[in-house]
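A structural walkthrough
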Amino acid sequence: MGLFKKIIVAVSDKAKDELKEYVKRVLEEKEIAEKKDEEVVLAKPQPQEEPVEKAPIVEKTKQPEQEETQNSIAKMVPLVKELPQKYTFTTLTAPLTRDIIDLTQLLAFDEFTVYLKLYIYSVSQRKNYGYLGNSLRRKTGLDTMDHRLFELTLLKLSAHGLISIEDLSSNQRTFILYLPFDEDFMKSQKKKEAPHHTAPQKQGGNRDNRENRERNNSNRNTGNRTSRQRPPREKEDKKESHQNNNSQKQSSQKPAPQKQAPQKDVKPTKKTKSEPKKQTQQRAIPGRPTGAMSDDELRKQYVTFVSLEIDKAKMRVGRSSFDKIYMEAVKYIDSKYGFKVLSDPDKFKEYLTNYYMSAFDIPEFEDWKENKK
Amino acid sequence: MLIDYRIFLKRIRDIEVKVVLCKNNFHWKILAEKFQATSEDIEEFYKESEIPTDIAETIVHVRSLLVEKKAELPPEDLIV
């Protein structure tokens, strides 16, 4: 029995050992298989990660490009030291002066194209300033140009000092194109008002615009008057025009100034005709401020002037853009003055008018009063 | 407290619905006044505690809706 027991124990021990070895082998095989799987898994996702890494590289390449362009614009040397000023053209045929040729020779192709197109447009419009928008691009044929390229070119031109761009609002921009002043075919708007004001350039330009607007208003007013008021004014005009004609005849007999070209001889005579007319019109306008006019009357006139200006701006920018401006105004008033102002009609109208006045460069009462005087 | 919360929320949401349907300045003005009165009531009621987030968010939303609606409606005459 003892022997049997020993045999059984020995066999069972051996069986246990074999089982252990078998289990070990199985485990080892499993581990090897897992390792292989892991290697395969690690090997596979690498190509998937590559495109993810590529994207930032592209962005990185784009960013440096933008930075480069910005840096290049910042490094650009201004070709012109003066700020562009507002001029009006006295003639429709404006030659390409030597100065402009010298300037444009230095420009790159895109800059040259945009500058020259704008120059031609300015000549046709008889002024070197205006609104910068899609209509301008359409009129100048620059709408086919890529928008980004156009904007970039404008930036470059402004870096050169050949154009100054002013943001009126988020939607509206104006430009003033640099032009070397030429007495033969240009008229400085700054010079006009020099005797009255010694204001900075921008204000000077605005004021001149205001003067033009006021003249237009006065003309419009004269157009709307009743028939009773017309005859005396017409008589006055006729009288004055006769006087002017006589004076012109006298002046034409005198020798003409040496500098002026034959084209110019025609133009100034026209001006001498029109200027006295304006003066007489201004004199004849009933309610025109005189020394004795009270402040209330002036106030009333100013109110009509502002409403007319806003109407004109409405016509100029178009219905849809004006609606957008109104929306912006409402949001601005809400953010600045609070919600209560929106429901208070009087205050809201006041703030809205102020917003329009700043948006459309309408002069304030004091400025307007001074200009009237 | 719970009833007050519900009442306030309902008042504000009523205004929200009416703002969407509003078609003229007169109607807008009435709604704006209602909105102001309601928001003042809420502020006064929750003076000591914090205004519930639901109500606060709805107030902000309705206010922005009112501003947008004001911008959409035709402007009234201007004065200087």
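Report follows, based on the coordinates. (Residues numbered from 1 in each chain as written. Chains lettered and ligands numbered in written order. Predicted model: local features only at pLDDT ≥ 70, side-chain atom pairs only at ≥ 80, totals over all residues. Heavy atoms only, no water.)

**Some words on the overall build of chain A**
Scanning chain A for helices and strands turns up 15 helices and 5 strands. For chain A, buried positions account for 32% of its 373 residues. Once local pairs closer than 6 in sequence are excluded, the contacts in chain A between residues at least 24 apart make up 71%. Counting every atom, chain A has about 25100 Å² of accessible surface; 53% of that belongs to carbon and sulfur. (Helix = DSSP H or I, 4+ residues; strand = E, 2+ residues; numbered from the N terminus. Buried < 20%, exposed > 50% of the residue type's maximum accessible area, 1.4 Å probe, protein only. Contact = heavy atoms within 4.5 Å. Areas by Shrake-Rupley, 256 points an atom, 1.4 Å probe, with all protein chains shown as cover.)

**Points about the sheet that holds strand E3 (residues 163–167) of chain A**
All names here are of chain A. In spatial order, the strands read E2-E4-E3; together these 3 strands make up an open sheet with antiparallel pairing. For this open sheet the edge positions go to strand E2 (129–131) and E3, each flanked by a neighbour on one side alone. Sheet twist, expressed as the average angle between the axes of neighbouring strands with direction ignored, equals 20°. Pairing geometry for E2 and strand E4 (residues 173–177), over 3 bridges, is antiparallel. Within the sheet, the bridge partner assigned to Gly130 lies in E4 and is Phe175. (Pairing = 2+ DSSP bridges. Axes fitted to C-alpha atoms, helices over the stretch in contact; angles between N-to-C directions.)

**Section: the interface of chain A and chain B**
Between chain A and chain B, the residue contacts involve 22 residues of the former and 19 residues of the latter. Carbon and sulfur atoms make up 73% of the surface buried where chain A meets chain B, a total of about 2000 Å² over both sides. When the buried area of chain A at its contact with chain B is split by residue, Tyr326, Phe339 and Lys349 of chain A rank highest and sum to 32% of it. Inspection of the region where chain A meets chain B yields 1 salt bridge. (Buried area = accessible area lost by both parts, 1.4 Å probe. Salt bridge = Lys/Arg side-chain N within 4 Å of Asp/Glu carboxyl O.)

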